[in-house]
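Structural overview
The primary structure of each chain is shown beneath.
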Amino acid sequence: MTDGPARVPGQRAAAIWGVLATVLVVVSSIGVFLVAPEDADQGIIQRIFYFHVAIAIASLVAFAVACVAGILQLRTRDERWDDVGEASIRIGLLFSVLVVITGSIWAKASWGTWWVWTDPRLVTYLIVVLIYAAYFVLRSSVEDDRRMRYSAIYAIAGFASVPLSFYSVRVAESFVHPVVFTSSGANMPGSMLWWFVVSQAAMICLFVALLELDLLGRRSERALRRLAMRLESA
Amino acid sequence: MSGGAQYVVAAYAVIWFLVLAYVVMLGARTARVGRQVEAMMRMLDRRDAERSDSETAEDRT
């Protein structure tokens with residue numbers, strides 16, 4: 001009999017991050033719904049803020065990781081960095097879609113409309129989403145080594161749109177989207193800020209867990225392809 | 001349910017549904033790779049068994 005399947009590198013890391021993300025998501029959900037004080041101005045609707053903003057920041061972190069992976073891919077030509085870049089952008093895009101949907105729901109509840117085209121934060125964030133969606137169009141249009149190179153360059157160039165979205169709301173003179181975090185600190189009480197920090201940690205852990213799980217699948221597929229080739233040639 | 005609560009429930013339902021769907025998608029890929037590894041292991045076992053049978057037959061002759 002042959003031995004059992006070999007352990008693929010990263011299984012333990014994926015499991016640890018998965019458990020950590022699950023625990024933090026459960027704790028933050030309990031905190032957001034049962035412990036955090038209700039906002040005097042917006043009431044219960046404000047509870048969307050905790051995950052909406054945390055996911056938005058996590059999506060920008062995902063795009064930053066893809067940018068760094070792109071730089072490392074160009075320097076080393078290692079396909080593993082291409083995997084990290086693609087997986088990060090895929091997760092970042094999932095998070096971005098969640099930000100747009102939850103933001104629209106919050107806008108409908110708070111402003112009475114699903115979308116405001118004149119708001120710089122909303123429009124620039126949508127541009128960021130479209131730029132990163134185009135990344136997958138690029139990937140599917142070229143192959144092999146060129147795909148890795150072009151994808152890395154696009155991930156680096158695409159990251160330029162992130163500060164544009166982040167600072168748009170700060171430099172624009174008229175807007176409806178609120179700014180909670182300013183240079184003078186957070187515009188919220190400490191009890192709300194605490195649960196926001198827990199939610200943010202949960203979303204970052206969720207990103208890392210999804211990234212590890214995605215990379216684990218890619219490594220397994222690659223190992224399987226190599227094994228199949230060896231079997232065919234034997 | 002109050003007017004505000006239904007929006008909060010909708011927002012969190014969308015988040016958990018899409019994240020769960022993504023995890024299920026990744027899990028399905030991992031399960032497919034696992035099935036392919038098992039099939040390959042069975043193929044290897046069969047090949048090893050055939051080799052040992054033929055070696056035994058050669059020893060007898």
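The text that follows walks through the structure, step by step, so that each part is easy to find. (Residues numbered from 1 in each chain as written. Chains lettered and ligands numbered in written order. Predicted model: local features only at pLDDT ≥ 70, side-chain atom pairs only at ≥ 80, totals over all residues. Heavy atoms only, no water.)

Our focus in this paragraph is the side chain of Gln46 of chain A. Residues and elements named next belong to chain A. Along the chain, Gln46 turns up in the loop between α1 (11-35) and α2 (48-76). Among the residues examined, Gln46 registers a relative accessible area of 7% and is labelled buried. Sequence-distant contacts of Gln46, defined by excluding residues within four places in its chain, comprise Asp39, Trp106 and Met192. (Helix = DSSP H or I, 4+ residues; strand = E, 2+ residues; numbered from the N terminus. Buried < 20%, exposed > 50% of the residue type's maximum accessible area, 1.4 Å probe, protein only. Contact = heavy atoms within 4.5 Å.)

Over its 25 residues, α1 of chain A runs 35 Å from end to end, which matches the ideal 36 Å to within 8%, given 1.5 Å per residue. Considering only its buried residues, α1 of chain A is in contact with α2 and α7 (190-233) of chain A together with α1 (3-60) of chain B. (Expected span 1.5 Å × (residues − 1).)

A word on the interface of chain A and chain B. Interface size, as often reported, equals the accessible area lost upon joining of the parts. Counting residues at the interface gives 40 residues for chain A, matched by 27 residues for chain B. Across the chain A/chain B interface, buried area totals approximately 3,100 Å², and carbon plus sulfur atoms make up 80% of it. Here Arg32 of chain B and Glu221 of chain A are joined by a salt bridge, their closest N and O atoms 2.9 Å apart. For the pair chain A and chain B, the number of links is four residue pairs in polar contact (both at pLDDT 80 or more). Of the residues forming the side of chain A that touches chain B, the biggest block, 13 residues, is contributed by α7 of chain A. Split into classes, the residues belonging to the side of chain A that touches chain B amount to 27 nonpolar, six polar and seven charged. (Buried area = accessible area lost by both parts, 1.4 Å probe. Salt bridge = Lys/Arg side-chain N within 4 Å of Asp/Glu carboxyl O. Polar contact = N/O pair within 3.5 Å; in protein donor to acceptor, adjacent residues only side chain to side chain. Nonpolar A, V, L, I, M, F, W, Y, C, P; charged D, E, K, R; others polar.)

On to the pattern of salt bridges, then. All names here are of chain A. With the rule as written, the count across this model stands at 13 salt bridges over all chains. Residues Asp83 and Arg218 are paired through a salt bridge, measuring 4.0 Å at the closest nitrogen-oxygen approach. You can see Asp83 sitting in helix α3 (residues 79-111) and its partner Arg218 sitting in helix α7, a full 135 residues away along the chain. Arg218 carries the same exposure label as Asp83, and that label is buried. With its nearest N and O atoms 2.6 Å apart, the salt bridge here joins Arg218 to Asp214. Within this pair, Arg218 and its partner Asp214 are both found in helix α7, separated by four residues, close to a single helical turn.

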